[in-house]
Amino acid sequence: MIGVVDYGLGNVLAIINIYKRLEVPVCLVKSVSDFRLITHFIIPGVGSFDHALMRLNRSGMRLELSNAINSGLPVLGICVGMQLMANSSEEGTLSGLGWIPGSVKRFDNNNSSSHFISVPHLGWNDIVAIDHPLFHGIDNARFYFLHSYYFSPQYDHHVLAKTTNGISFAAAVGSHNCYGVQFHPEKSHQYGIQLLRNFSLLR
Amino acid sequence: MLRPRVIPCLLIRSGGLVKTIKFSDPKYLGDPLNAVRIFNEKYVDELIVIDIDATVKQSEPNYPLIRAIASECCMPLCYCGGITTVDQIERIIGLGVEKIGLSSILTHNPRIIEQAAASVGSQSILAVIDVKKVPPFGFYQVFTHNATRNSRLDPLRLARLVESLGAGEILLNSIDRDGTMKGYDTDILQAIRDVVSLPITILGGAGTLDHIKSLFDRFGLVGAAAGSIFVFKGNYRAVLLQYPSPSEKESLYSIM
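Notes on the structure follow. (Residues numbered from 1 in each chain as written. Chains lettered and ligands numbered in written order. Predicted model: local features only at pLDDT ≥ 70, side-chain atom pairs only at ≥ 80, totals over all residues.)

Moving on, we come to the overall build of chain A. Looking only at helices and strands, chain A has five helices and 13 strands in total. For 203 residues, the compact-globule formula gives about 17 Å, and the C-alpha radius of gyration of chain A, at 16 Å, lands near that figure. Judged by the C-alpha coordinates and their principal axes, chain A covers about 50 × 40 × 30 Å. Within chain A, buried positions represent 53% of all 203 residues. Of all intrachain contacts in chain A linking residues separated by at least 6 positions in sequence, the fraction that spans at least 24 positions is 68%. (Helix = DSSP H or I, 4+ residues; strand = E, 2+ residues; numbered from the N terminus. Rg over C-alpha atoms; globule rule 2.2 N^0.38 Å. Buried ≥ 20, exposed ≤ 12 C-beta atoms within 10 Å, placed from the backbone. Contact = placed C-beta atoms within 7 Å.)

Take a look at the structure:
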């Protein structure tokens with residue numbers, strides 16, 4: 001069963017609805033008592049880094065989520081849910097979850113020579129992905145992005161997909177069973193639906 | 001490549017879908033949920049839903065309807081109408097809406113942007129600026145309450161203010177062009193773009209895909225929102241929900 005972590009942020013309903021249409025068992029996870037049947041966790045997120053972390057801390061699920069990852073269950077962070085997996089963010093002062101080594105940086109539109117930088121990075125953009133089960137069956141992939149900060153992983157081999165906004169940056173990251181996408185699959189029509197289906201098939 | 005966005009804008013009045021001309025004469029089009037389903041199947045880039053009753057009637061947002069719309073959308077959704085508190089913003093974001101448009105509240109409590117951005121993030125806060133040229137000199141001024149109240153604010157000043165307070169995007173809405181299908185008011189768009197670096201979406205006046213194409217040709221990354229062109233067909237304004245196909249859309253930004 002897919003568990004969508006509901007800590008008061010992010011579009012949990014859109015994700016639930018997509019899995020229902022795909023006839024993949026899914027439920028909301030609001031507290032540790034909901035963890036029992038979950039095989040895959042999704043951590044959505046919108047908003048600011050510190051606010052999201054505080055919400056996650058307050059939900060009482062942070063430690064159990066770390067345990068779930070350590071036990072090998074696939075976890076997918078979306079947007080800020082992905083950024084939380086880093087060690088730190090320029091957007092906030094709190095320490096991140098540290099599940100995927102790296103830091104979150106702000107797009108710098110003052111210091112960029114490129115005219116093609118948009119802050120926030122807002123809209124549909126192409127991505128180029130490595131051959132990874134998460135992106136199987138997605139051709140000419142384009143996804144909806146809405147963010148002003150991006151995940152900069154410490155190790156290049158943790159980048160699963162890239163896109164550009166003035167600079168090239170990670171559209172998706174992955175380390176072991178821990179994954180993150182900067183875009184919103186739940187808001188990216190058929191491309192996002194396929195990605196969410198692929199995630200549910202990861203073992 | 002990041003693409004400019006083509007965005008249907010749906011107006012809600014008394015729970016029904018309507019379309020206005022110059023913010024008046026709302027014509028009933030049908031069931032909003034049905035429209036959202038159709039636009040979802042057409043893979044629209046984004047959807048804007050504006051409740052044009054909410055501020056005028058000073059009513060709470062219609063949460064059940066917003067929730068139902070949000071759960072149908074596999075694309076980004078922006079809701080506008082009657083928002084006056086951060087609590088309302090948090091609640092609507094919790095229903096599965098990506099962006100919240102603030103309008104009349106900005107004319108007397110713009111600092112709500114700061115508080116809202118601290119909670120849900122700048123990227124989710126859209127500042128809606130309804131502009132109208134006011135005689136005798138034709139200065140642009142910001143109107144509220146379905147264009148019935150002139151706030152006497154200068155749209156350029158308001159645009160700079162909302163940017164400094166942390167809004168993530170501006171929706172620039174031309175009252176004079178609404179429903180006329182005569183083309184966008186690019187003068188005011190240029191003026192606003194010259195004073196802010198925020199992403200801007202323009203609404204009001206699109207009557208053909210060429211209007212959208214010439215907007216993209218001139219302004220590059222900008223949101224093109226429209227009502228009439230996506231809900232009416234022909235001179236008799238027969239109701240037909242439509243949206244450019246993927247290849248038609250590619251041709252709109254072919255020169256980028």
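Below, the discussion takes up helix α1 (residues 32–41) of chain B. All names here are of chain B. For α1, the full list of buried residues reads P32, A35, V36 and F39. End-on, the buried residues of α1 take up no more than an arc of 100°, which puts them together on one face. Here the buried face of α1 lies against β1 (5–13), β2 (16–21), β3 (24–30), β4 (47–51) and α3 (63–72). (Arc of directions from axis to C-beta.)

Turning our eyes to something else, we now look at the interface of chain A and chain B. Counting from both sides, the interface comprises 28 residues of chain A and, opposite them, 29 residues of chain B. The element that contributes the greatest number of residues to the side of chain A that touches chain B is strand β7 (residues 121–126) of chain A, accounting for six residues. Per-class residue counts for the side of chain A that touches chain B are ten nonpolar, 16 polar and two charged. (Nonpolar A, V, L, I, M, F, W, Y, C, P; charged D, E, K, R; others polar.)

Attention now moves to the sheet that holds strand β10 (residues 149–153) of chain A. Spatially, β5-β6-β10 (chain A) is the arrangement adopted by the three strands of the open sheet, whose pairing is mixed. The open sheet has two free edges, formed respectively by β5 (88–89) and β10 of chain A, since each of these has just one partner strand. (Pairing = 2+ DSSP bridges.)

A few words now on the pairing of strand β8 (residues 139–144) of chain B. All names here are of chain B. In this structure, strand β7 (residues 125–134) lies alongside β8, joined through five bridges in antiparallel fashion. Paired with K133 across the bridge in β8 is Y140. Relative to strand β9 (residues 149–153), β8 runs antiparallel, the two being bridged by three bridges. Opposite F143, over in β9, you have N150 as the bridge partner. What sits between β8 and β9 in their antiparallel hairpin is a turn of four residues, with H145 showing a positive phi close to 55°.

Quick look at unusual backbone geometry now. Looking along the chain, the bond that leaves V119 of chain A and enters P120 of chain A is cis, with omega of 0°. Position of P120 of chain A relative to the elements: it lies in the loop between β6 (102–106) and β7. Of note, the amide linkage connecting P135 of chain B to P136 of chain B takes the cis form, showing an omega dihedral of 5°. Examined against the element boundaries, P136 of chain B turns out to sit in the loop between β7 and β8. One non-glycine residue, H189 of chain A, adopts positive backbone phi at about 50°. Relative to the helices and strands, H189 of chain A is located in helix α5 (residues 189–201). Non-glycine residue F23 of chain B carries a positive phi angle of around 70°.

That is the geometry; function is a separate question.
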